[in-house]
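Descriptive structure summary
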Amino acid sequence: MASMKETAANVAASAKAGMDKTKASVQEKVDKMSTSDPVQKQMATEKKQHKKAEAELNKQEAREHNAAARHVEKAGGHTATVGGAPTAGYGTQTHTHTGGPGYPTGAVPYGGEVDSSGLARTEPTGLPGHTTGHNPRV
């Protein structure tokens with residue numbers, strides 16, 4: 001089961017990388033067609049190469065993450081993603097904080113964050129029943 005999940009996640013990472021590379025190539029062509037300056041054309045080519053390299057790096061990082069998650073799951077643990085690295089989870093749901101369009105910075109278990117060691121949780125905040133004050137109108 002873990003192997004199938006890893007394979008599916010790797011296929012998705014490859015598809016995303018392919019799409020990002022294609023977008024970089026198309027953007028390069030648009031940039032080259034919109035200018036006659038050779039310096040601008042060279043900059044468009046360099047930008048494309050940088051975006052393609054970044055897409056490939058993201059794909060490789062996703063594959064490494066998927067392999068690590070599979071090993072944790074095989075060992076009988078649950079996984080949660082914190083800061084891009086799999087950690088032992090607590091069987092809680094996760095939601096993702098994003099650093100920008102399409103760039104997740106990590107998932108945080110619903111009900112608190114896992115510390116960097118992955119062994120302890122911080123206190124949850126903002127959950128039902130956790131109030132910081134009293135509303136007299138209720």
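Everything quoted here is computed from the prediction, not taken from an experiment.

A separate point is the overall build of the chain. Counting its secondary structure elements, the chain contains two helices and four strands. Ordered by position from N to C terminus, the α and β elements of the chain give α-α-β-β-β-β. Buried residues in the chain amount to 20% of all 138 residues. In the chain, the proportion of contacts linking residues at least 24 apart, taken out of those at least 6 apart, comes to 36%.

What follows deals with the pattern of salt bridges. Tallied over the entire structure, the rule returns seven salt bridges. The partner of Glu73 in a salt bridge is Lys5, with the nearest N and O atoms 3.4 Å apart. Taken together, the residues Glu73 in helix α2 (residues 38-74) and Lys5 in helix α1 (residues 2-33) connect sequence positions 68 residues apart. Under the relative-accessibility criterion, Glu73 is labelled partly exposed at 30%. A salt bridge links Lys32 to Glu28; the shortest N-O distance between them is 3.4 Å. You can see Lys32 and its partner Glu28 sitting in helix α1, four residues apart, about one turn around the helix. Given a relative accessible area of 32%, Lys32 falls into the partly exposed group. Connected through shared salt-bridge partners, Lys21, Glu56 and Lys59 make up one network.

Relative to the helices and strands, Ser25 is located in helix α1. On the basis of relative accessibility, which here comes to 18%, the residue Ser25 falls in the buried class. In this structure, Ser25 is in contact with Lys48 and Lys52, ignoring residues within four places of it in sequence.

Okay, the confidence of the model for the chain next. When the pLDDT values of the chain are averaged, the result is 75; 55% of them are 70 or greater. Confidence drops under pLDDT 50 across residues 86-99; counting only partners more than four residues distant or on other chains, this segment forms 48 contacts.

A word on the environment of Gln49. Tracing the backbone through its elements, the reader meets Gln49 in helix α2. Gln49 gets classed as partly exposed once you look at its relative accessible area, which sits at 49%.

The rules behind these values
- As a convention, each chain's residues are numbered from 1 in the sequence order in which they are written.
- Owing to the predicted nature of the model, reporting of local features is limited to residues with pLDDT of at least 70; listing and counting of side-chain atom pairs is limited to 80 or more, with chain, interface and lining totals taken over all residues.
- Water and hydrogen atoms were dropped before computing side-chain values, which therefore reflect all heavy atoms in the structure.
- By the criteria applied, helices consist of DSSP H or I runs no shorter than four residues and strands consist of E runs no shorter than two, each listed in order from the N terminus.
- Exposure classes here rest on a 1.4 Å probe applied to the protein chains alone. A residue is buried below 20% of its type maximum, exposed above 50%, and partly exposed in between.
- By the convention used here, residues are in contact when the closest approach between their heavy atoms is within 4.5 Å.
- A pair is scored as a salt bridge if a Lys or Arg side-chain nitrogen falls within 4 Å of a carboxyl oxygen belonging to Asp or Glu.
- Along the chain, pLDDT gives the predictor's confidence residue by residue, from 0 to 100.

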